[in-house]
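Residues per chain are reported as follows:
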Amino acid sequence: MVHAQELTKNQSLVLDVLSHTEGPLSAYSLLDQLRDKGFRAPLQVYRALDKLMEFGLVHRLESINSFVACTHGHDHKHGVIAFGICDTCGRVDEFCDAVVEERLKGWSKEHAFRLSKTTIEMRGTCASCLAA
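Residues numbered from 1 in each chain as written. Predicted model: local features only at pLDDT ≥ 70, side-chain atom pairs only at ≥ 80, totals over all residues. Heavy atoms only, no water.

## As for the side chain of T118
Mapping T118 onto the fold places it in the loop between α4 (98-110) and β5 (119-124). Ignoring sequence-local partners within four residues, the contact set of T118 consists of G79, V80, I81 and L104. (Helix = DSSP H or I, 4+ residues; strand = E, 2+ residues; numbered from the N terminus. Contact = heavy atoms within 4.5 Å.)

Here's what the structure looks like:
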């Protein structure tokens, strides 16, 4: 696990914004929030995001082309990461499920499929929005 003191200034700034934001942000939303901190180009944000994802501190939500800070201390290199994304309020819940992971590994083994990454994104309505 990477420690905060090992991050570059830009990586720390991006992680801080994502960690203190309700919901996912696009790279351009991050850029807008970080302009007063010296960010001028999307490439600065993307470089920081790439490293933060490599370190397992940030996740990309491909279905909505946005990013969230990791909320769990699990090992991302070998596990299945799943997200529940609320289409109404934008809330994102991150979780792991050992049963799902075992089923996917079993399928991969049965089909001689070399698994390199598994991310599950579920879209729907969260409990809070359903209750409203």
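## Structural notes on the pattern of salt bridges
A full pass over the atoms with the stated rule returns six salt bridges. Here R123 makes a salt bridge to D87, at a shortest N to O gap of 2.7 Å. Remark: D87 occurs in the loop between β3 (81-86) and β4 (92-95) and R123 occurs in strand β5; sequence separation between them is 36 residues. Residue classification places R123 among the partly exposed positions, given a relative accessible area of 44%. (Salt bridge = Lys/Arg side-chain N within 4 Å of Asp/Glu carboxyl O. Buried < 20%, exposed > 50% of the residue type's maximum accessible area, 1.4 Å probe, protein only.)

## Observations concerning the sheet that holds β4
If you walk across this open sheet you meet the three strands as β4-β3-β5, and the pairing is mixed. The sheet is open, and its two edges are formed by β4 and β5, each paired on a single side. Strand after strand, the sheet turns through a mean of 20 degrees between neighbouring axes, direction not considered. Pairing between β3 and β5: six bridges, direction parallel. Within β5, the position partnered with I85 by the bridge is R123. (Pairing = 2+ DSSP bridges. Axes fitted to C-alpha atoms, helices over the stretch in contact; angles between N-to-C directions.)

## Focus: the environment of T71
Residue placement: T71 occurs in the loop between β2 (66-69) and β3. Accessibility expressed as a relative area gives 56% for T71, which makes it exposed. Residues T71 and F113, spaced 42 residues apart in sequence, show a C-alpha to C-alpha distance of 29 Å.

## Focus: the pairing of β4
Of the two faces of β4, the one holding V92 and E94 is buried and the one holding D93 and F95 is not buried anywhere. Examined bridge by bridge, β3 and β4 share four bridges and lie antiparallel to one another. Directly across from A82, in β4, lies its bridge partner F95.

## What about the domain arrangement of the chain?
Assigned domains of the chain: these are domain 1 (4-69) and domain 2 (81-131). The gap between the C-alpha centroids of domain 1 and domain 2 is 22 Å. Of the residues lining the interface, ten residues belong to domain 1; the matching set on domain 2 comes to nine residues. For the pairing of domain 1 and domain 2, the buried interface totals around 710 Å² over both sides, and the portion due to carbon and sulfur atoms is 57%. (Domains from an automatic or database assignment. Buried area = accessible area lost by both parts, 1.4 Å probe.)

## Some points on a nonpolar patch on the surface
On the surface, Y28, L43 and Y46 cluster together into a nonpolar patch covering about 310 Å² of accessible area. Tracing the backbone through its elements, the reader meets L43 in helix α3 (residues 42-54). With a relative accessible area of 48%, L43 lands in the partly exposed category. (Patch = residues over 30% accessible without salt bridge, like charges linked within 9 Å, V, L, I, M, F, W, Y side chains within 5 Å. Areas by Shrake-Rupley, 256 points an atom, 1.4 Å probe, with all protein chains shown as cover.)

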